[in-house]
Amino acid sequence: MKGLILSGGKGTRLYPLTYTRAKQLMPVANKPVLFRVIETIRDAGVTEIGIVIGQTGEEIKAAVGDGSTWGVKITYIPQDEPRGLAHAVMISQDYLGDEPFVMFLGDNVIQGGIAKLIADFTNHLDQWNSQIVLKAVDDPSSFGVAKLRADGTIEQLIEKPKNPPSNLALVGIYMFDKHIFEAVNSIPPSGRNEYEITDAIQWLIQHGYTVVPHVHQGWWIDTGKRIDMIDANALVLEELTPGVAPDAVIENSQLDRRVIVERGAKISNSTIHGPTIIGEDCVIENSYVGPYTSIHHHTRVSNCEIERSIILEHCNICDLGVRLHGSLIGRNATVQKKDDLPKALTLNIGDHSNVWII
């Protein structure tokens, strides 16, 4: 069995951070989401993985390489522009051949892995042609939606319906056999000029192929927006094993048992409440870092309070008079209090930014 990761989207919902970084490389608990997807597929026993890449392809290649870091073999599949998930399958046919495969969206985070799902599918290859993962969500109109019959089989799949027939969203994890290529090459583009995977799966159902739904009971997050990233970060931090690197320096500080401190970090005169992760070579001084916060490598936090936030690498956060909460701060950013006159708010922010002032 092979793996297929879709990593070609532009990440417009995470602008301005994704102007300069592929959205799949945005970190959750100091690890890029794409790395977590690779590990999830590898842990299910799949070691040959194709990654569909678009305009951020060179950045993704530089970060992932040949896959040897994870003990897998990576093949890159260029996509000229994002034209739908079914189009990504279409252009991957030469790589996938006739083998069954698992397709995973590169910006999704799911609890519990997919090893059992892969085992179920491979054990039923003589009966099943596809298995799709569903999750009950509050706003299904933002996703592909499945309507199930009373016996649990799929009656209908609809992409982003205005009036959803159920609250079961397609999670972005799919298992297929070779018949999916017949489907993706038979469907027309949708009204938004994309080849929808929901239409391709619906085609399979209508032509007598067996598509089995699996309703996921754990958490799942599509990390497409700021609040999604922060929620995913919190959920992943809950599952990590705490610990302090041997060379980290802790001086006159209080850390609770749910804190991770990575190598080379220095914490002085501060209080750290977990679950929280402090990245490599960070400096935290005279500060409070509260639960559900990730601070990436080579960042300095001084005379501040931070909680439930993601701070990327090489940032400088200092002398704030208020607590930073629910924030996503991009790399190489400086956030600081202005003490000199005139007393004015001075901002240097990118396109599509959001700033809340108190």
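Read on for a plain summary of the structure. Owing to the predicted nature of the structure, the values given are computational and were not obtained by experimental measurement. (Residues numbered from 1 in each chain as written. Predicted model: local features only at pLDDT ≥ 70, side-chain atom pairs only at ≥ 80, totals over all residues. Heavy atoms only, no water.)

Another point: the sheet that holds strand S21 (residues 283–285). Strand order in this open sheet of 6 strands is S15-S18-S21-S24-S27-S30, and the pairing throughout is parallel. Bordering the open sheet on either side are strand S15 (249–251) and strand S30 (334–336), each of which pairs with just one other strand. Within the sheet, the average angular offset between the axes of one strand and its neighbour, ignoring direction, is 5 degrees. Bridge count for strand S18 (residues 266–268) against S21 is 3 bridges, and the pairing is parallel. In the strand pairing of S21, Ser 268 is matched with Glu 285. (Pairing = 2+ DSSP bridges. Helix = DSSP H or I, 4+ residues; strand = E, 2+ residues; numbered from the N terminus. Axes fitted to C-alpha atoms, helices over the stretch in contact; angles between N-to-C directions.)

Right, let's get into the pattern of salt bridges. The full count for this structure, using the stated rule, is 15 salt bridges. The shortest N-O distance in the salt bridge between Arg 42 and Asp 43 comes to 3.0 Å. Among the ionic pairs, Asp 231 bridges to Arg 308, the shortest N-O distance being 3.0 Å. One end of the pair, Asp 231, is in helix H8 (residues 226–239); the other, Arg 308, is in the loop between strand S25 (305–307) and strand S26 (310–311), with 77 residues separating them in the sequence. Overall, Asp 231 belongs to the partly exposed group, its relative accessible area being 27%. Residue Arg 308 is classed as partly exposed on the basis of its relative accessible area of 24%. (Salt bridge = Lys/Arg side-chain N within 4 Å of Asp/Glu carboxyl O. Buried < 20%, exposed > 50% of the residue type's maximum accessible area, 1.4 Å probe, protein only.)

The buried fraction of helix H1 (residues 33–43) amounts to 9 of the 11 residues, a majority that puts the element mostly inside the structure. Of all the residues in H1, the buried ones are Val 33, Leu 34, Phe 35, Arg 36, Val 37, Ile 38, Glu 39, Thr 40 and Ile 41. After H1 finishes, the residue Gly 45 shows a positive phi value of roughly 95 degrees.

This next bit is on the pairing of strand S8 (residues 130–136). For S8, the tally of buried residues reaches 6 of 7 residues, placing the bulk of the element in the interior. Summarising the sheet, S8 and strand S12 (residues 211–215) pair through 5 bridges and their orientation is parallel. Looking at S12, one finds that Leu 134 is bridged to Val 215.

For the rest of this paragraph, the subject is the pairing of strand S6 (residues 101–105). The buried fraction of S6 amounts to 5 of the 5 residues, a majority that puts the element mostly inside the structure. Residues of S6 alternate between two faces, with Phe 101, Met 103 and Leu 105 on one and Val 102 and Phe 104 on the opposite face, all of them buried. For strand S1 (residues 2–7) and S6, the ladder comprises 5 bridges, and the chain directions are parallel. Each residue of the ladder has a partner; that of Lys 2, found in S6, is Phe 101. Across 4 bridges, S6 lies against strand S11 (residues 168–176) in antiparallel orientation.

Moving on to the sheet that holds S26. Taken in spatial order, the 6 strands line up as S14-S17-S20-S23-S26-S29 in an open sheet, and their pairing is parallel. Whereas interior strands pair on both sides, the edge strands pair on one side only; in this sheet they are strand S14 (243–244) and strand S29 (328–329). The pairing of S14 with strand S17 (residues 259–261) spans 2 bridges and is parallel. From the neighbouring strand, Gly 243 faces S17, where its bridge partner is Ile 260. Contacts from H8 reach strand S20 (276–278), strand S23 (293–295), S26 and S29 within the one sheet, and its direction differs from that of S23 by about 95 degrees. (Contact = heavy atoms within 4.5 Å.)

Cis geometry marks the peptide bond from Gly 274 to Pro 275; its omega dihedral reads 5 degrees. Within the element layout of this structure, Pro 275 appears in the loop between strand S19 (271–272) and S20. The backbone of His 314 sits at a positive phi, close to 60 degrees, despite the residue not being glycine. For His 314, the location among the structural elements is in the loop between S26 and strand S27 (316–318). Its identity is not glycine, yet Asn 332 carries a phi of approximately 60 degrees, on the positive side. Looking at where Asn 332 falls in the secondary structure, it is placed in the loop between S29 and S30. With relative accessibility at 54%, the residue Asn 332 sits in the exposed group.

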